[in-house]
Amino acid sequence: MSSNIRVPKICQHCGNEFIAKTTVTKYCSDTCAKRAYKKRKRDEKVQEVAPTVIQKKEYNQVQVKDKEFLSIAETCKLLGASRMTLYRQIKDGKINAAKIGSRTIIKREEIEKLFQA
């Protein structure tokens, strides 16, 4: 039971006109169908990742705002300086830091003193 339907359509991927043999055909060729599928999957992945990046950024800002003691990484984000710059300031004695095990902790007051002096 085959159909002799011929429906003029426009490909949803490339925009070319073609004659479809069924009413549900969306693409002019197998190549356009595959390319549209890949584009759709790529867009889905991008949509999944976008909200998590924004969420992580907001979480770090809130987390750093309320802490009295900051790690090196948090201090770097707060000041916009590199790790090596912070370690250099600690070595020169401009910033007092404490070691707890292998972690280096900086008191928030020490960072504020940099800008008061």
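Definitions and cut-offs
- Residues numbered from 1 in each chain as written.
- Predicted model: local features only at pLDDT ≥ 70, side-chain atom pairs only at ≥ 80, totals over all residues.
- Heavy atoms only, no water.
- Buried < 20%, exposed > 50% of the residue type's maximum accessible area, 1.4 Å probe, protein only.
- Helix = DSSP H or I, 4+ residues; strand = E, 2+ residues; numbered from the N terminus.
- Salt bridge = Lys/Arg side-chain N within 4 Å of Asp/Glu carboxyl O.
- Core = buried A, V, L, I, M, F, W, Y, C linked by side-chain atoms within 4.5 Å.
- Axes fitted to C-alpha atoms, helices over the stretch in contact; angles between N-to-C directions.
- Parallel < 35°, antiparallel > 145°, perpendicular 65-115°, else oblique.
- Contact = heavy atoms within 4.5 Å.
- Left-handed = near helix turned anticlockwise from the far one by under 90°.
- Nonpolar A, V, L, I, M, F, W, Y, C, P; charged D, E, K, R; others polar.
- Pairing = 2+ DSSP bridges.

1. Digging into helix α2 (residues 72-79)
In an α-helix there are 3.6 residues to a turn, and that puts residues three or four apart on one side. Ile72, Glu74, Thr75 and Cys76 are the residues of α2 that are buried. Positive phi appears at Gly80, one or two residues downstream of α2, with a value of about 75°.

2. A look at the pattern of salt bridges
Taken as a whole and assessed by the stated rule, the structure comprises five salt bridges. The residue Lys39 makes a salt bridge to Asp43 at a minimum N-O spacing of 3.2 Å. Of the two residues, Lys39 and Asp43 both sit in helix α1 (residues 30-66), four residues apart, roughly one turn of that helix. Look at Asp43 and you get partly exposed, because its relative accessible area is 36%. Ionic pairing is found between Lys67 and Glu74, a salt bridge with its closest N-O pair at 2.8 Å. The class for Glu74 is buried, based on a relative accessible area of 12%.

3. Description of the nonpolar core
In terms of nonpolar packing, the biggest core is built from seven residues, these being Leu70, Ile72, Cys76, Leu86, Ile95, Ile106 and Ile111. Counting six residues, the second-largest nonpolar core is a separate cluster that includes Phe18, Tyr27, Cys32 and Ala36.

4. Focus: the packing of α2 against helix α3 (residues 83-92)
Two quantities define a packed helix pair, namely the angle between the helix axes and the distance between the axes. As a packed pair, α2 and α3 sit with axes 9 Å apart at the nearest point and diverge in direction by 105°. Relative to α3, α2 is oriented roughly perpendicular. Each of Ile72, Ala73, Thr75, Cys76 and Leu79 in α2 lies in contact with α3, whose residues at this interface are Arg83, Leu86, Tyr87 and Ile90.

5. Some details on the packing of α2 against helix α4 (residues 108-116)
Put simply, α2 and α4 touch, their axes get as near as 12 Å, and they point 30° apart. On the basis of the axis angle, α2 is roughly parallel to α4. For the pair α2 and α4, the sense of crossing is right-handed. Touching Thr75, Leu78 and Leu79 of α2 are Arg108, Ile111 and Phe115, all from α4. Counted by class, the contact of α2 with α4 contains four nonpolar, one polar and one charged residues.

6. A few points about the pairing of strand β1 (residues 7-10)
Sheet topology note: the β1/strand β2 (residues 17-20) ladder contains four bridges and is antiparallel. Considered in β2, the bridge of Lys9 is made with Phe18. With antiparallel pairing between neighbouring strands as the criterion, β1 and β2 make up a hairpin whose turn holds six residues, including Gly15 at a positive phi of roughly 85°.

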